[in-house]
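Chain by chain, the residues run as shown.
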Amino acid sequence: MEKMKDKTLLTTLGREPEKNFGIINPPVYHASTVLFSTVKDMRELNSKPRRFVRYGLSGTPTQFALEEALAKIEGGHDCALFPSGLAAISMALMAFVHSGDHILMVDSVYGPTRRFCDHWLSRMGVATTYYDPLIGGGIMDLIRPETKVVFTESPGSLTFEVQDIPAISAAAKEKGLVVMMDNTWATPWFFKPFEKGVDVSIQAGTKYIAGHSDVLLGSVTTTEAAWPLVHRAAQGFGQQAAPDDCYLALRGLRTMDIRLERQQATALTLARWLMDRPEVDRVLHPALPEDPGHEIWKRDFTGSSGLFGVILKPCASESLENMLDGYSLFGMGYSWGGFESLIIPVDMQLVRTTTAWEAAGPTLRIHAGLEDPEDLIGDLEAGFRRL
Ligand SMILES: *Cc1c(COP(=O)(O)O)cnc(C)c1O
């Protein structure tokens, strides 16, 4: 199994039909209490392997199946599951910091991660410095004696700057820091975090892994060295993902590659079409050769997902609302990674503190779904007429 290619792994990982009447998919176990026959069995629980069924919170074969599949496909040692992507991020951070510590956080980070640092970590005495996403090896200059973690997210899910993860990891390693990455945009299908020096890789499984806009889920996959602290934090804070959600995520994982390949192609078609529009100032998509992050993206990633940004030329907010309110295919709503196309306006002034964000007009974030790209272009074209 170790030597199989990723496509094969996505279809085979996390299922053992021979242990389940030959049924292809793992069963959904709903469990809190697990019964033991003897006192001796109960007393020996702590010497049992990690994936031993002891209590609902520590997992059942349903969760074990997804954990094993995600750990393998990301190339990590083990994986902990959480009820949302944000829970995975906050727990990963909590696992490694003490009061008095300092973390380095990328300035283009997902907004709720920023709020977790500014509110919750700060009130526990953990300081956060936001750094320029393009800092690369220059991160070295920001490392203090009390710095514990460098957190990355590449590309940023609103502004799409690509980070030089290998250079950041090399600097962090020299100082013994833990490197975390929110790898939700690329998924393990397009970016292999552990080959690039990441210690702790986080997925909002809510997005492409589940893939159908009906599940909230997070995962934290780590190296062997980082695993004990993450595992202890997840258990200590009582974190687990619901069995039905794990089942749906495992089902989503089977088709993640083909959904992503199509969404990648559609996103690029839309991005190129938008680049030629007179209403558009700039398209933010690292897979376009014109994008400033393209070289690093090409070096480190094997593809691009369906999420990208567009900066329009300045326009009246009324015209913008007129455009956005009238789409028939593009829905307006948070989250992404499902089968349907989405568009939202982004207020960039709210989400930066260290680096200025230069945009003459409004910024939009687009998610390409599985619809026919010609229909999507028709919808966008009608929008520009309303604008
Ligand atoms: C959506 C998202 C999250 C959080 O996932 P939830 O399951 O919605 O909590 C984290 N990081 C990124 C980049 C995201 O887009």
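A quick note: this is a predicted structure, and the numbers were derived from the prediction, not measured. (Residues numbered from 1 in each chain as written. Predicted model: local features only at pLDDT ≥ 70, side-chain atom pairs only at ≥ 80, totals over all residues. Heavy atoms only, no water.)

### Concerning the side chain of Ser-201
- One can find Ser-201 in strand 6 (residues 200-204).
- Of note is the side chain of Ser-201, whose polar atom sits 2.7 Å from the side chain of Glu-74.
- If we ignore the near neighbours within four places in the chain, the residues touching Ser-201 are Glu-74, Met-181, Asn-183, Pro-193, Phe-194, Ser-219, Val-220 and Thr-221. (Helix = DSSP H or I, 4+ residues; strand = E, 2+ residues; numbered from the N terminus. Polar contact = N/O pair within 3.5 Å; in protein donor to acceptor, adjacent residues only side chain to side chain. Contact = heavy atoms within 4.5 Å.)

### Considerations on the pattern of salt bridges
- Counting across every chain of the model gives 17 salt bridges.
- Note that Asp-78 and Arg-51 form a salt bridge whose closest N and O atoms lie 2.6 Å from each other. Highlighted residues: Asp-78 in strand 1 (residues 78-82) and Arg-51 in the loop between helix 2 (39-43) and helix 3 (61-74), separated in sequence by 27 residues.
- Salt-bridge contacts for Arg-299 lead to Asp-300; the nearest nitrogen and oxygen are separated by 2.8 Å.
- We classify Arg-299 as partly exposed; its relative accessible area is 47%. (Salt bridge = Lys/Arg side-chain N within 4 Å of Asp/Glu carboxyl O. Buried < 20%, exposed > 50% of the residue type's maximum accessible area, 1.4 Å probe, protein only.)

### Some words on the nonpolar core
- Of all hydrophobic cores here, the largest spans 113 residues; its most connected members are Leu-93 and Leu-274.
- Not counting the four nearest positions on each side in its chain, Leu-93 is found in contact with Ile-103, Met-105, Phe-116, Cys-117, Leu-121, Val-149, Phe-151 and Met-180. (Core = buried A, V, L, I, M, F, W, Y, C linked by side-chain atoms within 4.5 Å.)

### Some words on the sheet that holds strand 9 (residues 307-312)
- Read from one edge of the open sheet, 4 strands run 8-9-11-10, paired in antiparallel fashion. If you trace the sheet from one side to the other, it starts and ends with strand 8 (280-284) and strand 10 (342-346), each paired once. Within the sheet, the average angular offset between the axes of one strand and its neighbour, ignoring direction, is 25 degrees.
- Pairing analysis gives 4 bridges linking strand 8 to strand 9, with the strands arranged antiparallel. Note on strand 9: the bridge partner recorded for Leu-284 is Gly-309.
- Contacting strand 8, strand 9 and strand 11 (363-367), helix 10 (residues 256-275) runs over the sheet at an angle of about 10 degrees to strand 9. (Pairing = 2+ DSSP bridges. Axes fitted to C-alpha atoms, helices over the stretch in contact; angles between N-to-C directions.)

### Thoughts on the site of the ligand
- Around the ligand sit 14 residues, and of these Gly-85, Leu-86, Asp-182, Thr-206 and Lys-207 come closest.
- The side chain of Lys-207 places a nitrogen or oxygen atom 2.5 Å from an oxygen atom of the ligand.
- If the ligand stood free it would expose 380 Å²; the protein chains cover 91% of that surface.
- A total of 3 residues in the shell around the ligand trace back to one element, the largest contributor, which is helix 4 (residues 85-96).
- For the shell around the ligand, a count of residues per class yields 6 nonpolar, 5 polar and 3 charged. (Near = heavy atom within 4 Å. Areas by Shrake-Rupley, 256 points an atom, 1.4 Å probe, with all protein chains shown as cover. Nonpolar A, V, L, I, M, F, W, Y, C, P; charged D, E, K, R; others polar.)

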